[in-house]
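Observations on the three-dimensional arrangement
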2 protein chains.
Amino acid sequence: MKISRSEDLRLDCQHCPVRHRAICAASDDEEFDKLNAMKFYKSIPAGQAVVLRGEKLDVVASIVSGVATLSKTTVDGRMQITGMLLPSDFIGRPGRDSCEHDISAVTDLTLCCFRRRPFEDLIERASSIRKRLLDITFDELDAARNWMLLLGCLTAREKIVSFLMLVVRRSVLPEDADQPVQIDLPLSREAMASYLGLTIETVSRQMSRLRKDGLIELETARRVIIPDTSRLEAELENAD
Amino acid sequence: MKISRSEDLRLDCQHCPVRHRAICAASDDEEFDKLNAMKFYKSIPAGQAVVLRGEKLDVVASIVSGVATLSKTTVDGRMQITGMLLPSDFIGRPGRDSCEHDISAVTDLTLCCFRRRPFEDLIERASSIRKRLLDITFDELDAARNWMLLLGCLTAREKIVSFLMLVVRRSVLPEDADQPVQIDLPLSREAMASYLGLTIETVSRQMSRLRKDGLIELETARRVIIPDTSRLEAELENAD
DNA sequence: GCGCTGCCTTGATCCATGTCAAGACGAACC
DNA sequence: GGTTCGTCTTGACATGGATCAAGGCAGCGC
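Atomic detail in the predicted coordinates should be set aside for any region of low pLDDT. For chain A, per-residue confidence averages 92 on the pLDDT scale, and 95% of positions sit at 70 or higher. Contacts from residues 1-8 of chain A, a stretch scored under 50 in pLDDT, to residues over four places away or in other chains number 19 contacts.

Take a look at the structure:
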C-alpha cells in the first residue's frame, strides 16, 4: 500500500458501522480493546490500487466504508473480478506477506488496518478473533464456489439477475425486500461485465431486456428500482 | 456420510502417504499423537456420494488416497464441479455441521476422518494444526479464485491446457517435468467438462485438436503423454 | 453556448461453443 | 465369436454472446 495514514479519521470502534460484522464482531471486551489499540485508518481514493498482485502487503484490514474489487488478470490483459469487497469484508492473509491478486478501490475507501505481525500474534491468543477469521475465510470460499457455478453454468440474463439480487441482499434489509426496492449498483457496467464473465455490451443489453420485461426500472444507469424482488428472483428458479 | 468404519484399513500415520502435506503436516509429536489417536479411516467406493448438499456432516477428513469432486448444481440440473479433491486435500468445515456442496467419490476413496467436535476442541489448543487449517483454507480460496479466472476469461483450448497442466503439477515431480511426461486423467470427459464449464463434446474436440497439433498424445482416452510440457504450457502464454 | 470525455446503449455481424445425432471403441460378459 | 453398455469421438447445424461500429447522454471546463 502506497497510501499514508489518514489523519482526519478518528472513528471510535464503538460507533463503527461494521462493528458487528467485521473481524471484531465476536470479540469480548478485552480482545476488542486490543484491536482498538492496534487499529489505524487509511483512506484510499476511488480508482486507486490498494494492492497489486505480488506486491508486499504487511497489513490486514477490514473495509469500513466504500467498495473495492479483487481481480486477476491474464498475461494478455483479460481481467476477471473475483470478488466484490463491501463494508465489513476482510483484506489480507495472515501468515503471508504478499498478495495473489489485485485489489482496487472502486469508490473512496476507508480501511481499518492492522499491522500483520502484531495481528498474527493477537489471533494466536485471541480465540474469538481467530475463529471469526476462519469463519470469514470459509464463507469467502463458499461464496467463491457459488460464483464458479454462476460463471460456469448460468446464462447472461441469469448472471445479471444473480448480481442484482446479490446487491439487494447486501444493501436492503430483509424486511424491506417485499416492497419495491431501490439499489445503487456499486460497479460500472465494465466492472459488472468483468465480475460476471461477460462483455460490457452484453451486460447493457441484458439490463435493457430486464427493463423491457418490466422486471427492473433504470432511474439512471447506476440506480435501479426493482418493483418486485420475488418476481426478479423467480428468473433464477431454473437455476440457482 | 452413510458409510461405516472401515475395519480393513490400519494405516500407521508414520507411513501415511499424505503425512507431509495434509492437515497434520506441521504438527509436533504431541499434537501428532493426538490426531493419531482420534483418527479413523473410511473407504468409499467409486461413484458414491460422500456428502450431499445440506446434509449433516459431523466429521472432517483428509483424503489419503483416491479422487473426489466438489460440486454445486442448479435447480434444473446444470452442474459445476467447483473443486477436484486429491490426496492430502481437506473435507469439512469446523464450526459448521452441514455442507454447502456435494462431494462425491470419483475413484475408490480412503479418508482419514476425525469427529468434528473433538477436532474443533483440538484445534483450539493445537496451534500448528490450527495454522495449517487456516493456511489450507486460504490456499483453497486462492485456487478457487484462480479457477474463476479460468471460467470467466479463458477459451476452451486454454481451459483444457490449464487442466492438463494442473494434473501434471499434482502428479509429476518438478524435476521430471522437462522430459516427456505421462499422466492419467483423474476425471472422465464429462467431469472435465463440468469442471471447466464446457460440454463433453467441446472437451473431446479440443483434446483431439491438441493431439493433431502434436502437443499431446492419447494412449487411451484417459492416459495422456505430453512430449514437451513447456510447449504445452506455452499455449497459455497469452493467458494465465 | 460549445466541445470535450467517459460511460452507456444499440445495431449488425461473426464465431466459439452448445446442441443434436450418429458412430466408434473398449471392457465385460455369455 | 457376438452382444451390450458406457464412454468417447466426430460431424452438421444452431445460437448466445462476442466483436465491431456508431451514436446517445450527462458532467465538466471553457
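It is worth spelling out the sheet that holds strand E11 (residues 223-226) of chain A at this point. Residue and element names in this part refer to chain A. With antiparallel pairing, three strands are arranged side by side in an open sheet as E9-E11-E10. Of all strands in the sheet, those with a lone pairing partner are strand E9 (181-184) and strand E10 (217-218), marking the two edges. Looking at chain direction, E10 and E11 are connected through two bridges and run antiparallel. Counted as the bridge partner of Glu217 is Ile225 from E11.

Let us now look at the pairing of E9(A). Residues and elements named next belong to chain A. Residue alternation in E9 divides its side chains into a buried set, Val181 and Ile183, and an unburied set, Gln182 and Asp184. As judged from the four bridges shared by E9 and E11, these two strands associate in the antiparallel manner. The partner of Asp184 across the bridge, within E11, is Arg223.

Take the interface of chain B and chain A next. Buried accessible area, meaning the area lost when the parts come together, often serves as the stated size of an interface. Contact with chain B, which involves 47 residues of that partner, is made by 47 residues of chain A. The junction of chain B with chain A conceals about 4300 Å² of combined surface from both sides, 58% of it contributed by carbon and sulfur atoms. For the chain B face of the interface with chain A, the top three residues by lost area are B:Arg93, B:Arg145 and B:Met148, together amounting to 17%. In this assembly, chain B and chain A are joined by 14 salt bridges. Between A:Asp142 and B:Arg93 there is a salt bridge, and its shortest N-O distance comes to 3.2 Å. Joining chain B to chain A, the criterion identifies 16 residue pairs in polar contact (both at pLDDT 80 or more). Mapped onto the side of chain B that touches chain A, the elements with two or more residues apiece are strand E4 (68-73), strand E5 (79-85) and helix H3 (127-153) of chain B. Element by element, the count of residues in the side of chain B that touches chain A is highest for H3(B), at 21 residues. Across the side of chain B that touches chain A, the residue classes break down as 17 nonpolar, 13 polar and 17 charged.

Surrounding DNA strand D, one finds 17 residues, the nearest of these being A:Thr202, A:Arg205, B:Arg189, B:Ser204 and B:Ser208. Protein-adjacent atoms of DNA strand D, using a 4 Å cutoff, are sugar or phosphate at a proportion of 65%. A:Glu201 is positioned such that a nitrogen or oxygen atom in its side chain is 3.1 Å from a base nitrogen of DNA strand D. Contributing elements (two or more residues each) for the surface near DNA strand D: helix H6 (200-212) of chain A together with helix H6 (200-212) of chain B. Take the surface near DNA strand D: its biggest share by element is five residues, from H6(B). Tallied by class, residues from the surface near DNA strand D come to three nonpolar, seven polar and seven charged.

Quick look at the protein's contact with DNA strand C now. The local shell around DNA strand C holds 17 residues, among which A:Arg189, A:Arg205, A:Ser208, B:Thr202 and B:Arg205 are the closest. By atom count, sugar and phosphate contribute 64% of the portion of DNA strand C lying within 4 Å of the protein. One of the side-chain N or O atoms of A:Arg205 is found 2.7 Å from a base nitrogen in DNA strand C. With respect to DNA strand C, the side chain of A:Ser208 contributes an N or O atom lying 2.3 Å from a phosphate oxygen. Secondary-structure elements contributing two or more residues to the surface near DNA strand C are H6 of chain A together with H6 of chain B. Here the residues of the surface near DNA strand C are counted per class, giving three nonpolar, seven polar and seven charged.

About the criteria used
Residues numbered from 1 in each chain as written. Chains lettered and ligands numbered in written order. Predicted model: local features only at pLDDT ≥ 70, side-chain atom pairs only at ≥ 80, totals over all residues. Heavy atoms only, no water. pLDDT = per-residue confidence, 0-100. Contact = heavy atoms within 4.5 Å. Pairing = 2+ DSSP bridges. Helix = DSSP H or I, 4+ residues; strand = E, 2+ residues; numbered from the N terminus. Buried < 20%, exposed > 50% of the residue type's maximum accessible area, 1.4 Å probe, protein only. Buried area = accessible area lost by both parts, 1.4 Å probe. Salt bridge = Lys/Arg side-chain N within 4 Å of Asp/Glu carboxyl O. Polar contact = N/O pair within 3.5 Å; in protein donor to acceptor, adjacent residues only side chain to side chain. Nonpolar A, V, L, I, M, F, W, Y, C, P; charged D, E, K, R; others polar. Near = heavy atom within 4 Å.

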